[in-house]
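Structure at a glance
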Amino acid sequence: DGQSLSEAMQRHPKAFSELAISIVRAGSEGGFLEEALERVAKFTDQQAELKSRVMGALAYPIFLSVFSVGIVCVLVIFFVPKFEALFGRLRARGELPFLTDWLLWVSDTIANYGLLIFLALAAVVLMARAKLATESGRWLLDRWRLRAPQAGPIYRNLAVSRFCRVLGTLLSGGVPIVRALKISSDSTGNRVLADAVNKAADNITAGESLATPLKASGQFPPDVVEMVGVAEQSNTLETVLTNIAETLERQTWRRLDMLVRLVEPVMLLVMASAVLVIVVALLLPMLKSATAL
């Protein structure tokens, strides 16, 4: 119907990502559509491989966490209440240990108000999803993604690497830098970073270099900004941007592998601590009674 390929793809957001649309748009405007489509295929394959690696690494920790949470829930809901009558006299005399009293309270609360708690949590989740569907909610989510402990730097590096790769591809295809920045801003997948890139494009129009507004935004790693500044002075921006993207990806893979390997022992430690708290809470009154005898 006269639309460009990128515009036609944009009508199907569930089938084509923003990154794929941005690269195809750049290829159409720069006259290197074939190379752009090959780049989309490579990016899609990389993302699928990353998702597969992450899910494979998290499969056992997720199973372990679900199984452990189920065991703890069974203990708290069905096993702990059987001791309430046994500990009733200690509670009446005010001699029941605080940890045991707290565990019995948790068990009673879940048994009596478990359905209401579940409905309240479901309502909170639905309200959060509705909030995140708004523009302000998406901005809040994107800010949180960049600031999240441990995961934030990984997410930021991946977003910056995508931006650098797409921008380098556009510049090597002859697209003017201001137009290339406007197109590549969508490839970050983050509204905060995209806004910083768009402001950089406006500053370049006013005669500034690319590194200056990127540094002023505070959203890009300092070493990346420094390399961009040096590349602008040496007129090798396209090559340096590609090298930055590859370096950030390698660093991110290593950091992600380390983070995933830490998940399993952390989950084991958390669930073992939960079970230990239950056991200690049930044994304390018995030990106290035995000592009194």
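Residues numbered from 1 in each chain as written. Predicted model: local features only at pLDDT ≥ 70, side-chain atom pairs only at ≥ 80, totals over all residues. Heavy atoms only, no water.

1. A look at the overall build of the protein
The helix and strand inventory of the protein stands at 12 helices and zero strands. Taken from N to C terminus, the helices and strands of the protein fall in the order α-α-α-α-α-α-α-α-α-α-α-α. Scaling as 2.2 N^0.38, a compact globule of 293 residues should have a C-alpha radius of gyration of about 19 Å, whereas the protein reaches 27 Å, well beyond that. Dimensions along the principal axes, computed over C-alpha positions, put the protein at roughly 90 × 45 × 35 Å. Looking at the 293 residues of the protein, the share that counts as buried comes to 35%. Restricting the contact set of the protein to residue pairs at least 6 apart, pairs at least 24 apart contribute 64%. If you average the places of the 30 positive and of the 27 negative side-chain charges in the protein, the two averages end up 8 Å apart. (Helix = DSSP H or I, 4+ residues; strand = E, 2+ residues; numbered from the N terminus. Rg over C-alpha atoms; globule rule 2.2 N^0.38 Å. Buried < 20%, exposed > 50% of the residue type's maximum accessible area, 1.4 Å probe, protein only. Contact = heavy atoms within 4.5 Å. Lys, Arg positive; Asp, Glu negative; His and termini not counted. Charge placed at Lys NZ, Arg CZ, Asp CG, Glu CD.)

2. Notes on the packing of aromatic side chains
Note on aromatic pairs: each is described by the distance of the centres and the angle between the planes. Under the defined criterion, the tally for this structure stands at two aromatic pairs. Ring centres of Phe63 and Phe67 lie 6.1 Å apart, and the angle between their planes is 15°; on these two criteria the pair is classed as stacked. With a gap of four residues between them, Phe63 and Phe67 both fall in helix α3 (residues 33-79), about one helical turn apart. Look at Phe67 and you get partly exposed, because its relative accessible area is 48%. (Phe/Tyr/Trp six-rings, centres within 6.5 Å; stacked < 30°, edge-to-face > 60°.)

3. Here's the deal with the nonpolar core
The tendency in soluble globular proteins is for nonpolar side chains to be buried as a group. By size, the foremost hydrophobic cluster in this structure holds 46 residues, and its most contacted members are Cys164, Leu167, Leu170, Leu181, Leu210, Phe220 and Val228. In terms of residue count, helix α7 (residues 151-172) provides more of this core than any other element does, nine residues in total. Other than its neighbours up to four places away in sequence, Leu167 contacts Ala180, Leu181, Ser184, Leu210 and Leu241. (Core = buried A, V, L, I, M, F, W, Y, C linked by side-chain atoms within 4.5 Å.)

4. Here's the deal with the side chain of Thr188
Turning to its location among the elements, Thr188 is positioned in the loop between α8 (177-184) and α9 (191-205). Reaching out from Thr188, the side chain makes a polar contact with the backbone oxygen of Asn190 at a distance of 3.2 Å. (Polar contact = N/O pair within 3.5 Å; in protein donor to acceptor, adjacent residues only side chain to side chain.)

5. Structural notes on the pattern of salt bridges
It is possible for side chains bearing opposite charge to pair when their charged atoms get close. By the definition in use, this model includes seven salt bridges. Of the charged contacts, one joins Arg191 and Glu135 as a salt bridge, the two residues approaching to 3.3 Å between their closest N and O atoms. Note that Arg191 is positioned in helix α9 and Glu135 in helix α6 (residues 135-147), a separation of 56 residues in sequence. Among the residues examined, Glu135 registers a relative accessible area of 43% and is labelled partly exposed. Linking Asp202 and Lys182 is a salt bridge whose minimum nitrogen-to-oxygen distance equals 3.3 Å. Placement of Asp202 in helix α9 and of Lys182 in helix α8 is noted, with a sequence separation of 20 residues between them. (Salt bridge = Lys/Arg side-chain N within 4 Å of Asp/Glu carboxyl O.)

6. As for the side chain of Arg156
Note on placement: Arg156 falls in helix α7. Among buried charged residues, Arg156 stands out as having no salt bridge; its nearest opposite-charge side chain is Asp223, 10 Å away. Within the structure, the side chain of Arg156 is placed 2.6 Å from the backbone oxygen of Gln219, a separation counted as a polar contact.

7. Focus: the environment of Ala122
By the element assignment, Ala122 lies in helix α5 (residues 98-132). Sequence spacing of Ala122 and Glu264 is 142 residues, and the spatial spacing of their C-alpha atoms is 28 Å.

8. Points about unusual backbone geometry
Residue Asn235 is not a glycine yet carries a positive backbone phi of 60°. Following the sequence through the fold, Asn235 ends up in the loop between α11 (222-234) and α12 (237-292).

9. A few points about the confidence of the model for the protein
Should the pLDDT be low somewhere, the predicted coordinates at that spot are not to be read in detail. With 97% of its residues at a pLDDT of 70 or more, the protein has an overall mean of 82. Looking at the elements of the protein, mean pLDDT is at its lowest for helix α4 (residues 88-92), recorded as 72, and at its highest for helix α1 (residues 5-10), recorded as 90. (pLDDT = per-residue confidence, 0-100.)

10. Considering α7
Counted at 1.5 Å a residue, the expected span for α7 with its 22 residues is 32 Å, and the 32 Å between its end C-alpha atoms agrees. Counting buried positions along α7 yields 18 of 22 residues, so the element is predominantly enclosed. The positive-phi residue at the C-terminal boundary of α7 is Gly174, with phi of around 90°. (Expected span 1.5 Å × (residues − 1).)

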